[in-house]
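# Examination of the molecular architecture
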Amino acid sequence: MKIKVNEVELDVTPGTSVIDAVFAAGHDVPYFCSQEYMSPIGACRMCLAKIGAPRKDRATNDWILDEETGEPKIFWFPNPMATCTTQVMEGMVVDTISKDVKKAQNAMVEFTLVNHPLDCPTCDKGGACELQDRAYEYGSGESRFVFDKRHQEKHHALSELITLDRERCIHCKRCVRYFEEVPGDEVLDFIERGGHTYIGTLEDGLPSPFTGNITDICPVGALLDTTSRFRGRNWEYHHTDTTSLDDPSGAALRIDTRTGRIERIKAGLNDDVNKTWIDDGTRFGHEYADAEDRITRPMVRRDGTLVETTWADAAREIAERIAGMDGTRIGIALRGDATLEEGVAAKALADHLGSGRLDTAPRPAASVLPDGAAATLRDVATSDALFVVGDPTEEAGIVDLRIKDALKGVEPAPLFPHGPAIADLRLKERMPRKREILTICAPYRTDLMKHAGQAHVPPATSMVDLLHALAERASATVDGGTPSGAWDDALGMTAAEADALITRMRSSTRGVMIWSAFVSNDPRADEAARTFAKSVGAKTLILGPMANTAGLERISVLPSHDRYDYASMFTPETKALFLASLDPAVDPKVADRLRELDLLVVHAAFPTATSALADVVLPAVTGYEKDGTTLNVEGRLLPVRAAPVEAGTATDFTGVVKQLGEAFGTRLEGRSVKSARRVLRKLLDVDAAELPTTGQPLPPVRGKASGARAVREYARATGDALIVPSMVRVEHLDRNPHLRAERGDAALRAHPATLHAHGLTSGDVVTLPIGGIPRQLRVTASEGVPEGLWLAPTLPEQPVGLYDANLAAMVRERSATAEVA
Amino acid sequence: MIELNTIRPYFEDKPDVLDEILGRYPEYGRRSAVMPLLWEVQRHERYVSEARIVEIAEIVGLTATEVRGVMSFYSTYHGEPVGKYHLQVCSTLSCKLAGSDEMCDHLEDSLGLVPGETDTEGLFSLQKVECLGSCTTAPVLQVNDTYYERVTRDELDALLDALRRGEMPTPKRAREGDNAQLGAAPLAGEAFEAGTAADAALADAEAAEPENPEGGAA
Amino acid sequence: MSILNVAKGMGVTLSHLFKKPVTVQYPEEKAQIQARFRGRHHLLRHPDTGLEKCIGCSLCAAACPAYAIYVEAAENDPDDPTSAGERYASIYEINMLRCIFCGFCEEACPTGAVVLGHEFELADFRYDHFVYGKEDMLVGVKGSKWQRREAERKGGEVELGFQAGPRPELEGVDY
Amino acid sequence: MSGAVADKPDTITSRHDPRFEVTLYKYVGVEGAHTLDAYLAHGGYGAAKKAFGMEPSEVVDLVKASGLRGRGGAGFPAGVKWSFMPPVDGRQRFVVCNADESEPGSCKDRYLMEDDPHQLLEGMMIAGYAIGATKGVLYIRGEYYHAYERLRDAIEEARQRGYLGENVMDSGFDFDVILHRGAGAYICGEETALMNSFEGLRANPRLKPPFPAQAGVYGLPTTINNVTTLASAVHIIEKGADWYAAMGTDDSKGIHHVQISGAVNRPGVFEVPMGITYREIIFDLAGGPKGPAKAFIPGGTSCPLFPFDDEHLDLPMEYAAVAKAGSMMGTGGLIVIPEDQCIVDAMYNVTRFYAHESCGKCTPCREGVSTWLPKMFQKLLAGLGTPEDVDLMEDMVSNLRGTAFCPLADACAWPVQTSLKYFRNEYEHLAQHGTPLHPRKDRWQS
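Residues numbered from 1 in each chain as written. Chains lettered and ligands numbered in written order. Predicted model: local features only at pLDDT ≥ 70, side-chain atom pairs only at ≥ 80, totals over all residues. Heavy atoms only, no water.

### Looking at the overall build of chain B
Scanning chain B from terminus to terminus reveals 9 helices and 5 strands. Traced from its N-terminal end to its C-terminal end, chain B shows the element sequence α-α-α-α-α-β-α-α-β-β-β-α-β-α. Every one of the 218 residues in chain B was classed for burial, and the buried ones make up 55%. Here the contacts in chain B between residues at least 6 apart in sequence split such that 60% fall between residues at least 24 apart. For chain B, the accessible surface area stands at approximately 9,300 Å², while carbon and sulfur atoms represent 51% of it. (Helix = DSSP H or I, 4+ residues; strand = E, 2+ residues; numbered from the N terminus. Buried < 20%, exposed > 50% of the residue type's maximum accessible area, 1.4 Å probe, protein only. Contact = heavy atoms within 4.5 Å. Areas by Shrake-Rupley, 256 points an atom, 1.4 Å probe, with all protein chains shown as cover.)

### Regarding a positive patch on the surface
Residues A:Arg667, A:Lys674, A:Arg678 and A:Lys682 make up a contiguous surface patch of positive charge. One can find A:Arg678 in helix H19 (residues 673-684). (Patch = residues over 30% accessible without salt bridge, like charges linked within 9 Å, V, L, I, M, F, W, Y side chains within 5 Å. Salt bridge = Lys/Arg side-chain N within 4 Å of Asp/Glu carboxyl O. Lys, Arg positive; Asp, Glu negative; His and termini not counted. Charge placed at Lys NZ, Arg CZ, Asp CG, Glu CD.)

### Quick look at unusual backbone geometry
Following B:Ala138, the chain continues to B:Pro139 via a peptide bond in cis, the omega torsion being -5 degrees. With phi around 80 degrees, A:Tyr37 is a residue other than glycine that occupies positive phi space. Turning to its location among the elements, A:Tyr37 is positioned in the loop between helix H1 (18-24) and strand E3 (48-54). Positioned with a positive phi, A:Ser581 is a non-glycine residue whose angle comes to about 55 degrees. By secondary structure assignment, the location of A:Ser581 is in the loop between strand E24 (576-580) and helix H17 (588-595).

### Brief notes about the sheet that holds strand E1 (residues 85-90) of chain B
Residues and elements named next belong to chain B. Read across the open sheet, the 4 strands follow the order E2-E1-E3-E4; overall the sheet is mixed. Strands at the two margins of the open sheet, each flanked by one partner only, are strand E2 (124-129) and strand E4 (146-148). Neighbour-to-neighbour, the strand axes of this sheet turn through a mean angle of 25 degrees, independent of strand direction. In this sheet, E4 lies alongside strand E3 (residues 141-143) in antiparallel orientation, the contact comprising 3 bridges. Opposite Leu141, over in E4, you have Tyr148 as the bridge partner. Against the sheet, helix H8 (residues 153-164) engages E1, E2, E3 and E4, with an angle of about 5 degrees to E3. (Pairing = 2+ DSSP bridges. Axes fitted to C-alpha atoms, helices over the stretch in contact; angles between N-to-C directions.)

### Some details on the interface of chain B and chain D
With 81 residues of chain B at the contact, the number on the chain D side is 99 residues. A buried area of about 7,100 Å², summed over both sides, lies between chain B and chain D, and 55% of it is on carbon and sulfur atoms. Considering only the surface of chain B that becomes buried against chain D, B:Phe73, B:Leu97 and B:Asp178 emerge as the three largest contributors, covering 11% of it. The interface formed by chain B and chain D includes 7 salt bridges. Linking chain B to chain D there are 26 residue pairs in polar contact (both at pLDDT 80 or more). Secondary-structure elements contributing two or more residues to the side of chain B that touches chain D are helix H3 (34-45), helix H5 (64-73), helix H6 (93-97), helix H7 (100-111), H8, strand E5 (183-184) and helix H9 (194-208) of chain B. Looking at the side of chain B that touches chain D element by element, the count peaks at 7 residues for H9(B). Grouping the amino acids of the side of chain B that touches chain D by side-chain chemistry returns 35 nonpolar, 26 polar and 20 charged. (Buried area = accessible area lost by both parts, 1.4 Å probe. Polar contact = N/O pair within 3.5 Å; in protein donor to acceptor, adjacent residues only side chain to side chain. Nonpolar A, V, L, I, M, F, W, Y, C, P; charged D, E, K, R; others polar.)

### A short note on a nonpolar patch on the surface
All names here are of chain C. A contiguous nonpolar surface patch, about 310 Å² in accessible area, is contributed by Val24, Tyr26, Phe37 and Phe120. Relative to the helices and strands, Phe120 is located in the loop between strand E5 (114-116) and strand E6 (131-132). Given a relative accessible area of 31%, Phe120 falls into the partly exposed group.

### Some details on the environment of D:Asp174
Residues and elements named next belong to chain D. Mapped onto the fold, Asp174 is located in the loop between helix H8 (145-160) and strand E4 (176-181). Not counting the four nearest positions on each side in its chain, Asp174 is found in contact with Thr134, Gly165, Glu166, Asn167 and Val168. Only 2.7 Å separates the side chain of Asp174 from the backbone nitrogen of Asn167, close enough to count as a polar contact.

### What to know about the arrangement of the chains
The assembly contains 4 pairs of chains in contact; the pair sharing the most contacts is chains B and D. Across the gap from chain B to chain C, with no contact made, the nearest C-alpha atoms are 28 Å apart. The two units chain C and chain D are non-contacting; their minimal C-alpha-C-alpha distance is 25 Å.

### Here we look at the interface of chain A and chain B
Listed as interface residues are 15 residues of chain A and, on the opposing side, 14 residues of chain B. For the pairing of chain A and chain B, the buried interface totals around 1,200 Å² over both sides, and the portion due to carbon and sulfur atoms is 52%. There are 1 salt bridge connecting chain A and chain B. The salt bridge involving A:Arg430 is made with B:Glu66; its shortest N-O contact spans 3.6 Å. Where chain A touches chain B, the interface holds 8 residue pairs in polar contact (both at pLDDT 80 or more). With 3 residues, strand E9 (residues 189-191) of chain A is the largest single contributor of residues to the side of chain A that touches chain B. By residue class, the composition of the side of chain A that touches chain B is 6 nonpolar, 2 polar and 7 charged.

### A closer look at the packing of aromatic side chains
Summed over all chains, the structure comprises 43 aromatic pairs over all chains. Between the aromatic rings of A:Tyr288 and A:Tyr624, the centroid separation amounts to 6.0 Å while the plane-to-plane angle is 50 degrees, which identifies the pairing as tilted. In this pair, A:Tyr288 sits in the loop between helix H6 (280-284) and strand E15 (299-302) while A:Tyr624 sits in the loop between strand E26 (616-619) and strand E27 (628-631), placing the two residues 336 residues apart along the sequence. We note that A:Tyr288, like A:Tyr624, is buried. When the ring of B:Trp39 is compared with that of B:Tyr77, the centres are 5.0 Å apart and the planes differ by 55 degrees; the resulting orientation is tilted. Linking B:Trp39 in helix H3 with B:Tyr77 in the loop between H5 and E1, this pair joins segments that are 38 residues apart in sequence. Comparing B:Trp39 with B:Tyr77 shows no difference in burial state: the two are buried. Connected via pairs of aromatic rings, a cluster forms that spans B:Tyr25, B:Tyr28, D:Phe94, D:Phe198 and D:Tyr218. (Phe/Tyr/Trp six-rings, centres within 6.5 Å; stacked < 30°, edge-to-face > 60°.)

### Things to note about the side chain of A:Asn274
Residues and elements named next belong to chain A. Considering the arrangement of structural elements, one finds Asn274 in the loop between strand E14 (261-267) and H6. Taking the relative accessible area as the measure of exposure, Asn274 reaches 1% and is therefore buried. One polar contact links the side chain of Asn274 to the main-chain carbonyl oxygen of Gly268, over a distance of 3.4 Å. Those residues within four positions of Asn274 in sequence are excluded, and the remaining contacts are Ala251, Ala252, Gly268, Ile398 and Arg402.

Here you go:
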């Protein structure tokens, strides 16, 4: 419909808010309470404008005309209107620049500043503050408020990660609304009323995995990221727009660095992927990169000790020791969050050495690539029938948030020239959620289950049966057939519930099934899941264990044969080993085996149990310092860009290959990011150097996925310890002081009754060998864990799945009571 | 939250009360029960402690933060215990014009309290409150839930004495106009002449307080 | 040009021949510095509480046209604050080789913490000796790094080669 | 003066006028009238029975024809509001009774609920029937405990005897009432804030649209009316729309309840026909002002005040005429301010009320009404003000007008703005001399 904003005529779609129309017309109004992706509430009153519209005569249905001009007469609203909460109307006229409007806007700035301290020089938001900008643009520049400002608590720790300055709060309610509308964890609220209102919580910290986003959306310096407080001023930061390598969601990040150190991470904007949200693991998990014990120079073992040397020297050492070795007995393993470029480099190295023993770890038994096109995150957000197997909150937090978007049932709005809609009028505070569209199965109670219509917690050992039974039932009813009922006992739900799920998925055109390593680690379960999805016509989203597991599989960074996989690298067949960012020596048995190797080359950013055994240690960069490309869960290629972090001579794996190539006297493909991209262009038909920050979807692979291992004889997974995904990377926890203070030690979760049976209490710290790896964990009671099962967070070396816990060998390091005393 | 482990939940032995309150609202409106549950606790404990907030949050399926947010919005829920007699002086315009400021001063002097305080014995709490909806019978003093209307100095002193003795006197209803006391309700079938009763009441009032001869427009 | 003008000029020259010379025998003799002269920076303290005035806001660094200033801030210990308010400068460095003594830092400072003093005798031998930290600039520190090293070596007072008039902003600075 | 009044020189006045029959307040003040038996004794629930014999749309039309307007302050035609309900679609609907009477100067609903609760329940039932709502919500302010008890008992009694619940009075219509007690928040008188409060949320006003008829209580279609409005429906059904429309003036029909307080000889609630003049109310009914008066607020403190002069005293009590003169009928809570009361002090009292009751949602109200304006008054009253402060207050009050989310900020700004208009001299006196023109005096009756 046609409207006019300050003499600019434009055509907008009905339902648009006036504020978006104003911005679309190239004009500006100030606003604080509106936030893209959240409901408009009209609380800050900053975006006031004079609005008028023509009216129709009730009787004739014609426009009432102005007697003088003959044009439709504009009836102005008596008061200035908040443009964020007003919808456009045909023929509407908006005035944002007249004297009256300016006076109103000026008055609102003045009111907003009444209780806002003028401490911009010490405020961490200074220089990037919406209020500062708006006060400058729309304020009168002088204060008429001569009284004492409101005094409230300053630097109040809402949690270990978030600091609240209540004096600076301007009550825009973005944070409070955020918790209700986005993650659905209502852990923050206004307390008191009127001029005494402040935000606060009664919970212990902020129990939500998505708390950090409130520091991004706070328009003033009231909510601050504790990890970055006072570390630098906004204009001093170097901003790097990149992609998260913490999980497979591919969330956009902005890394702020200063003098070679990462000071903070903020969410980037990618409308299709993470909108402007990231999870706390991604946001606060960066401190490890600046830890003191970074390996910054190559090291070579001389007379039993590692001594620092040059890259050329280290490469020469490797080349000499590898010369004449049977190439098939050399193994190369990358961690699953390596970039595609690193994958290309590793492949080139393996080819040069003549080794098929190339793998990424952790890699599930089944392929993480879907049959055909994957569901996109937008598909998830617009789905009306969701079936989730696993715990996406911990595996890829953004998927959790996009599932919650789907529950609101509002299709994402198209982008305006000025970006996402500032005020999407379809979003409301406290929208009813369509819980019934979401079904979740997981072997323990997950966080997301409280939002689900149906939640099932089958025993961890029978996940495969459940999927098999569902697949069987779904296949049998494809053409209206009757299921045999043979598998009904394994359903873990009633047959009626299963049928309801099948019917709901099948009758929907936008059904999405999401699963992760709980399924992928068992080829039978994977097969059943794929069958189920196919027979109900659902798109699939498979969450890989690591950020780029799918991408590395896609470009075939894979063993040439199943028997050359990662596990084979720790058999006597292997003589030399290149390990990139992996630490298999946490398993004492593997450590013994590594000692027997002729050559162990470790590419690592920090000293590890494995680097202690290495013959050559090469300094590696972290995921924040890489240039490269990653493929996220929905099959979108995303650019990874290097933040300028001080890490000595550390490089990514392409750098390793470059140095080795020089020592070998050859130029290997993938010896630089640029060289690797030439290969990628051939493989994927995409120029990775040209990728926009928001990425580019990759066409699906044709045919059968390549990464699945052959289904050997069927062995039911057993064990009493379930390794579960973890948003917070436990291997980094020790080097992330703030995150550790908030989350504590890595948790060993069990049902209170289970703990009681073993004489443990919440808070005890124990070392428990799980699957051969001694894990030091803090005991935590959790009603959501089935009795008799122990949950521990995953490590790159210990993928998600069932293991045997050696309870007899459990050692209590510290007891909870001793700690209190 | 530590309190919760040591204090017995309030509703533990009152399933009937809990059921009655929750039963007032439809299942989808369970959250509505927050306010009555807070009232229930406050009526018996004279305030709502943090432990009770956590308990109520669990009952209605909210976070404790939300319950706290709701509770703190309203001025008549107390986070701290108030005295046995919570004296609330309406101080808004109509009552002010009838002398509520002076009444409050008098109470402050007699009790040795300033508004917002509770005495050391926990007998009296004094509070200035906003409009109590007794404007035509101002000034009004609310003792706990009971209104004492058109309170005079002597009546207030008598009231305080009675309260100190532990008695709650019957509230005085001093009303004129169409809300005046008119007498007993008629029994079934009896005709009730409201007009005559009202006239009688008016006549009484006029006799007692002759119209101010100086009263008039400026 | 007339003869008269030449004579006038010669007259001026002649008259100066008999005036007392302005040359100061520096460093034997102390130079008199004008009060508004801008030399090495001082970081001031609140005279009553002794707390540092600098709050680590980094605005001086932002204003510096020569990129000579580096500031890193940290949170005050509420029980033992370094500065008034919640933050203080944990690192405050000025590279005197880069500094052009323009005084923009002084102008940008919201608390009047950094003030350009009178010291100009900053010559030294090594690059890093020109990077002045907080310990070199806080009120009470007299002289350049070299002068202080010399004083320590000789076991005497720091000797400055100049005198200066009082300047109100330089509260607590003693010459 | 409007013509409507001029045509009626002998305006019918209140209860002691033989030509005027008190209806809503007939049993107020009558001992024992709150019981169901007493209510039935004078034909109670007869109107509901009569309504059940009509089509719901006929009930709506009847109320429309009566000209009944909302008595909660805004004066929106009640029948029109009822007709906004969407077509019946199987969803639960609600009729909400706004009994959160908190406007300073108002107390009419309290007496109705205390002394004649069944009248209100019957009114809700009729409204419920008219709009197809089988559930009523009675939101009563927390301070009205006596009324709450009476209503609670009345609802229980009615339920037990089949006047509430399933199949009310064998009519086939189900109706029940949820009695919900507030807890001290003026803002709950705003209909959307009331609904939030009822739902167990913080009582911030909601965005409109959607209006309650589309998405009200729990997001379901809802109609919300004041106590007196609903009680009036009983008598309109009983006696017909003509009976109601015959009272009052062309613009404002029917009866209203004036609650007169402040400096008058006989403060009280008076049931009067619309259109009588303020002079009649103040002098004839309330016995005239106690001593000289200088101003009166016609409808609760949210309304602009009028100076106590002939022009304004002779205004008829009708919506259009009062609005034309620059104020509002409001709830009919008339407050007379005596000459010797410092207007600045009185307006500070009003401002303090709104400052206390601001919900804090929007900026102008939270920072202007709740923070800045009271501080300005405090400064003036402490004798520290300057003439510039008076100008600043005037400007600030004009900035508050019409910019806030809900009318609360306007409610505060209006009386202050008009007091500055009519009594600026008192403000200036205070600013110049540091002492009020009218010092405080003891107003308490001994």
